[in-house]
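Each chain, written out:
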Amino acid sequence: MLELRDFSVVYRAPGGEVKAVNRVNLKLNAGEVVGLAGESGSGKSTLVYAACRLLRAPAVISGGSVSYQGRRAPEPVEITKLHASDLQRLRWREIAIVFQSAMNALNPVLNVRDQLLDVIHAHLKMTRPDALEKASALLDLVGIPRSRLRSYPHELSGGMRQRVMIAMALAVDPEIVIMDEPTTALDVVVQRDILARIVELKDELGFSILFITHDLSLLLELSDRIAVMYAGQLIEIGTAAQLHHEAAHPYTMGLLNSFPSLHGPRRDLAGIPGSPPDLRSLPPGCPFLPRCGYGTDACTGIDMNLAPVRSSSDPAHVTACPFVLPDTPVPERARALVGQPDLEARP
Amino acid sequence: MTGIEIESAAAQRGPLAMEAVSLSKDFRLGRGQTLHAVRDVSFNLYQGAVVALVGESGSGKSTVARMLAGQERTTSGSIRLDGQPVSVATRRAFRHYKSQVQLVFQDPFGSLNPAHTIRYHLERPVRLHQHKDSRVQVGKEVAALLEQVRLTPAEQYLGKYPHELSGGQRQRVSFARALAARPNVLLADEPVSMLDVSIRLEMLALLDDLRKRFQLALLYITHDIASARYFADEILVMYAGQIVERGPAEQVTQQPAHPYTQLLVASAPDPDNLGSALRGGSALRQPRLEATGPATTGCPFNPRCPFADDRCRQDNPPPQLVSALRSAACWHLDAAAAGVLAQAQERQA
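Residues numbered from 1 in each chain as written. Chains lettered and ligands numbered in written order. Predicted model: local features only at pLDDT ≥ 70, side-chain atom pairs only at ≥ 80, totals over all residues.

Undergrad: Please explain the sheet that holds strand β11 (residues 307-308) of chain A as it appears in this structure.
TA: Strand pairing within a sheet occurs via backbone hydrogen bonds; the two strands may be parallel or antiparallel. Residues and elements named next belong to chain A. Taken together, 8 strands build an open sheet; the order of strands is β6-β7-β8-β3-β9-β10-β12-β11 and the sheet is mixed. What marks the edges here is a single partner per strand, and that holds for β6 (95-98) and β11. Here strand β7 (residues 176-180) pairs with strand β8 (residues 208-213) via 5 bridges, running parallel. Bridging from a neighbouring strand, D180 pairs with I212 of β8. (Pairing = 2+ DSSP bridges. Helix = DSSP H or I, 4+ residues; strand = E, 2+ residues; numbered from the N terminus.)

Shown next, in the form of structure tokens:
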């Protein structure tokens with residue numbers, strides 16, 4: 001449905017170009033949930049916003065293509081070359097975005113009903129009574145009582161605001177919904193409730209989801225496929241099961257070892273030492289090298305192209321690291337690099 | 001806690017440092033309405049031990065921290081430090097108290113002054129609390145502080161402004177600033193929740209290291225019960241201003257007794273659960289949780305509780321002992337936590 005090829009975005013800055021997104025290839029199929037994981041500053045939000053042409057200068061799409069194909073657009077559309085008017089029809093109607101902070105993305109001086117009506121009238125030809133009915137139905141969909149139609153954003157709780165955001169994204173029946181950290185600011189209980197609702201809606205309405213978050217544990221449970229992003233590049237793509245059990249890239253392994261799990265036995269946690277690189281002056285080869293426990297001199301020479309994991313039977317499980325395999329033993333040196341890893345046992 | 005005597009799982013780590021005795025805090029909302037933000041909360045902090053306060057936003061956990069830090073008056077109840085009742089009535093007393101009890105804030109982006117360098121942030125508390133005046137001494141101390149939070153080489157960071165640092169580095173500066181007062185008690189209010197997942201663990205390991213090195217009594221406030229499992233000795237679960245369950249971290253997270261704790265644990269993402277309800281489509285069919293806030297009469301959790309009956313809607317349950325180290329405030333523990341009770345009895349027998 002959505003395919004990015006060699007997609008690159010740079011921010012033009014006085015001190016040089018910041019390569020925020022570097023030659024990304026990613027596909028989103030119909031009805032699929034694809035997760036995009038990465039630290040803050042890894043370029044994951046830039047990637048999807050740029051793909052929808054939502055970024056203004058100094059961000060520039062410096063190469064590659066984004067093609068979209070859907071039920072209402074049987075011929076592939078090249079988004080990077082669309083005119084403004086076509087773009088307007090495409091956004092929201094075909095690809096809708098749930099933005100990160102519901103607090104700031106809703107208009108504080110309009111009530112929920114007017115904001116929903118705005119969207120509906122902008123994209124669909126509907127009489128006012130029909131549109132009103134549709135707005136009410138949307139609230140039903142996300143589990144908010146209809147009496148809240150006249151509420152203003154500040155009168156709603158964080159979870160409710162996020163639900164309104166989701167209702168707005170779904171207002172004109174889009175084919176793709178991009179969710180940018182939709183639940184990060186919420187409590188676990190509310191988060192779970194909203195995610196469950198999103199999944200239900202996806203099955204009911206049949207849209208695809210591109211889910212962006214830095215919380216890999218969440219993605220493992222939610223998505224069909226996961227793409228891991230580091231320093232503007234995708235470094236591993238695989239199914240949730242593949243990433244969980246046979247993660248091939250050292251960065252993915254590090255991420256998996258970073259979150260304490262609540263279920264199952266306590267394991268040793270390692271985390272990832274160091275901090276992400278400066279995107280203005282990336283060293284040649286692998287950007288993860290300074291933080292990588294497996295790193296060798298050969299790593300400065302690799303081209304970061306995604307290639308199938310050699311030990312995997314599935315050619316769709318790809319990694320940017322040509323050296324490390326899921327069962328490669330961790331070198332002694334890596335332990336030292338990590339520092340004081342395990343929190344001692346507690347009663 | 002009224003009525004029952006409970007031992008703390010954190011007690012074996014070290015001597016008692018701080019006691020919160022029946023703390024309550026009401027906020028007046030106007031029009032005669034009152035919000036009971038914290039209700040009858042009691043717990044102890046011990047040197048070298050971590051007590052985690054877990055709860056959702058609005059449960060009152062930050063208010064507890066602010067009261068302990070002396071930044072919020074208590075409506076009732078008392079705070080004792082090293083056995084002495086705490087008084088922050090005068091400026092002098094407040095400053096003295098602050099040199100023993102320090103608070104680390106959640107947001108490293110908002111809690112450092114953007115107009116000042118790191119040097120300024122650290123020199124001030126060193127001068128104020130350690131009463132060092134000579135420039136050489138202060139400089140030495142500041143460098144040592146940065147060393148302790150592993151911002152090395154120190155000279156590289158001293159002249160920088162907060163915006164030049166990453167989130168993790170900024171939070172390290174916050175830790176260093178709190179340590180500058182040489183406190184016995186450190187109150188950490190969601191110290192890692194604004195940071196990236198990959199950095200959180202390193203920060204928790206750092207906090208743990210500091211706790212060990214300085215025998216700090218640490219209160220770790222979080223909404224992430226999974227991190228509390230790894231990090232804390234004792235977990236206190238708060239809901240609507242009350243402690244609804246408490247006990248050793250591993251026991252509370254693995255066999256939660258209170259229905260709310262059970263809900264919390266069930267809601268945490270579980271990566272091992274790949275075929276989870278979330279992906280099966282028939283996602284967990286629960287009543288819409290969020291539409292109902294805490295109840296004002298009876299057990300605050302009753303609108304969301306599967307075990308709720310008339311008694312729960314009328315009377316607020318007092319905490320009841322589950323085992324020597326654990327308690328939970330629920331009328332229906334025998335139904336909600338049958339397995340936990342049976343095990344506790346077995347251990348006693």
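Next, the rest of the story.
Undergrad: Would you mind going over the sheet that holds strand β4 (residues 59-68) of chain A with me for this structure?
TA: Residue and element names in this part refer to chain A. If you trace the 4 strands from one edge of the open sheet to the other, you get β2-β1-β4-β5, paired in antiparallel fashion. In this open sheet, the two strands that pair with only one neighbour each are β2 (16-28) and β5 (77-78). Strand direction decides the pairing type here: β4 and β5, joined by 2 bridges, are antiparallel. Within β5, the residue paired with S67 across the bridge is E78. Of the strands in this sheet, β1 (2-13), β2 and β4 touch helix α1 (residues 44-51), which is tilted by about 70° from β2. (Contact = placed C-beta atoms within 7 Å. Axes fitted to C-alpha atoms, helices over the stretch in contact; angles between N-to-C directions.)

Undergrad: Can you walk me through the pairing of β6 of chain A in this structure?
TA: Consecutive side chains of a regular strand alternate in pointing toward one face of the sheet and then the other. Residue and element names in this part refer to chain A. Every second residue of β6 is oriented toward a common face, with I95 and I97 on one face and A96 and V98 on the other, all of them buried. As judged from the 4 bridges shared by β6 and β7, these two strands associate in the parallel manner. Paired with I95 across the two strands is I176, which belongs to β7. (Buried ≥ 20, exposed ≤ 12 C-beta atoms within 10 Å, placed from the backbone.)

Undergrad: What's the story with the pairing of strand β8 (residues 217-222) of chain B in this structure? I'm lost.
TA: All names here are of chain B. The element β8 is largely enclosed, with a buried count of 6 among its 6 residues. Burial along β8 is two-sided: the residues A217, L219 and I221 and L218, Y220 and T222 are all buried. As paired elements, strand β3 (residues 50-54) and β8 share 5 bridges and run parallel to each other. Bridge pairing links V51 to L219 in β8. Here strand β7 (residues 185-189) pairs with β8 via 5 bridges, running parallel.

Undergrad: Would you take a moment to explain the domain arrangement of chain A for this structure?
TA: When the parts of a complex come together, some accessible area is lost, and that lost area is often used as the size of the interface. Residues and elements named next belong to chain A. For chain A, the assigned domains read domain 1 (2-228) and domain 2 (248-338). If you look at the interface, domain 1 gives 13 residues, while domain 2 gives 11 residues. Counted by class, the side of domain 1 that touches domain 2 contains 5 nonpolar, 6 polar and 2 charged residues. (Domains from an automatic or database assignment. Nonpolar A, V, L, I, M, F, W, Y, C, P; charged D, E, K, R; others polar.)

Undergrad: I would appreciate a short explanation of the interface of chain B and chain A in the present structure.
TA: Counting residues at the interface gives 47 residues for chain B and 49 residues for chain A. Mapped by element, the contributors of at least two residues to the side of chain B that touches chain A are α7 (197-214), α8 (225-231), α9 (249-254), α10 (259-267) and α11 (277-280) of chain B. Partitioned by chemical class, the residues of the side of chain B that touches chain A number 23 nonpolar, 11 polar and 13 charged.

Undergrad: Please explain the environment of V228 of chain A as it appears in this structure.
TA: Residues and elements named next belong to chain A. Residue position: V228 is located in strand β9 (residues 225-230). Taking the number of C-beta atoms within 10 Å as the measure of exposure, V228 has 27 and is therefore buried. Between the alpha carbons of V228 and G38 there is a distance of 5.9 Å; along the sequence they are 190 residues apart.

Undergrad: Can you help me understand the packing of helix α6 (residues 167-179) of chain B against α7 of chain B in this one?
TA: The packing of two helices is summarised by the inter-axis angle and the distance between the axes. Residues and elements named next belong to chain B. Following both chains from N to C, one finds α6 and α7 inclined at 15°, their axes separated by 11 Å at the closest point. If you check the angle between α6 and α7, you find them roughly parallel. By crossing handedness, the relation of α6 to α7 is classed as right-handed. For the pair α6 and α7, the contacting residues are G168, Q171, F175 and L179 in the first and I199, M203, L206 and L210 in the second. (Parallel < 35°, antiparallel > 145°, perpendicular 65-115°, else oblique. Left-handed = near helix turned anticlockwise from the far one by under 90°.)

Undergrad: Which parts of the structure should I look at to understand the domain arrangement of chain B?
TA: All names here are of chain B. According to the domain assignment, chain B contains domain 1 (1-100 + 185-266 + 292-349) and domain 2 (109-182). The C-alpha centroid of domain 2 is placed 30 Å from the C-alpha centroid of domain 1. At the junction of the two partners, domain 1 supplies 11 residues and domain 2 supplies 13 residues. If you list the elements that add at least two residues to the side of domain 1 that touches domain 2, you get α2 (91-98) and α7. Of the residues forming the side of domain 1 that touches domain 2, the biggest block, 4 residues, is contributed by α7. The class makeup of the residues in the side of domain 1 that touches domain 2 is 8 nonpolar, 1 polar and 2 charged.

Undergrad: Would you take a moment to explain the environment of S87 of chain B for this structure?
TA: Checked against the element boundaries, S87 of chain B lands in the loop between β5 (84-85) and α2. The spatial distance from the C-alpha of S87 of chain B to the C-alpha of L321 of chain B is 32 Å, given a sequence separation of 234 residues.

Undergrad: Is there a simple way to think about the confidence of the model for chain B in this case?
TA: Taken over all residues, the pLDDT of chain B has a mean of 86, while the share at 70 or more is 93%. Note that residues 280-291 of chain B has pLDDT below 50 and, in this model, 20 contacts with residues that lie over four places away or in other chains. (pLDDT = per-residue confidence, 0-100.)

Undergrad: How do you make sense of the nonpolar core when you look at a structure like this?
TA: Proteins that are soluble and globular tend to have nonpolar side chains buried together. A52 and L219 of chain B are the most contacted members of the largest nonpolar core, which totals 208 residues. Once residues lying within four places of it in the same chain are set aside, the contact partners of A52 of chain B are Y220, T222, A228, F231, A232, I235, L236 and A249 of chain B. (Core = buried A, V, L, I, M, F, W, Y, C linked by C-beta atoms within 7 Å.)

Undergrad: What am I meant to see in the packing of helix α3 (residues 118-130) of chain B against α6 of chain B here?
TA: Residues and elements named next belong to chain B. Close contact between α3 and α6 brings their axes to 8 Å; oriented N to C, the two are set at 20°. Between α3 and α6, the angle is such that the two are roughly parallel. Pair α3 / α6 crosses with right-handed handedness. Along its contact with α3, which presents I118, H121, L122 and P125, the element α6 presents V173, A176 and R177. Its residues assigned to classes, the contact of α3 with α6 shows 5 nonpolar, 1 polar and 1 charged.

Undergrad: Is there a simple way to think about the environment of L289 of chain A in this case?
TA: Residue and element names in this part refer to chain A. Inspection of the secondary structure assignment puts L289 in the loop between α10 (250-256) and β11. According to the C-beta neighbour criterion, L289 is partly exposed, with 18 such atoms within 10 Å. For the pair L289 and A37, spaced 252 residues apart in the sequence, the C-alpha separation amounts to 19 Å. Those residues within four positions of L289 in sequence are excluded, and the remaining contacts are G295, C299 and T300.

Undergrad: Any chance you could explain unusual backbone geometry here in plain terms?
TA: With the exception of glycine, most residues fall at negative phi, and the peptide bonds are largely trans. Residue P58 of chain A is bonded to the preceding A57 of chain A through a cis peptide linkage, with omega at 10°. Tracing the backbone shows P58 of chain A in the loop between α1 and β4. Even without a glycine there, the phi angle at M304 of chain A is positive, about 65°. One can find M304 of chain A in the loop between α10 and β11. Positive phi outside glycine occurs at S22 of chain B, with the angle close to 45°. The residue S22 of chain B is located in strand β1 (residues 16-30) in this model. Note on S22 of chain B: 14 C-beta atoms within 10 Å, which makes it partly exposed.

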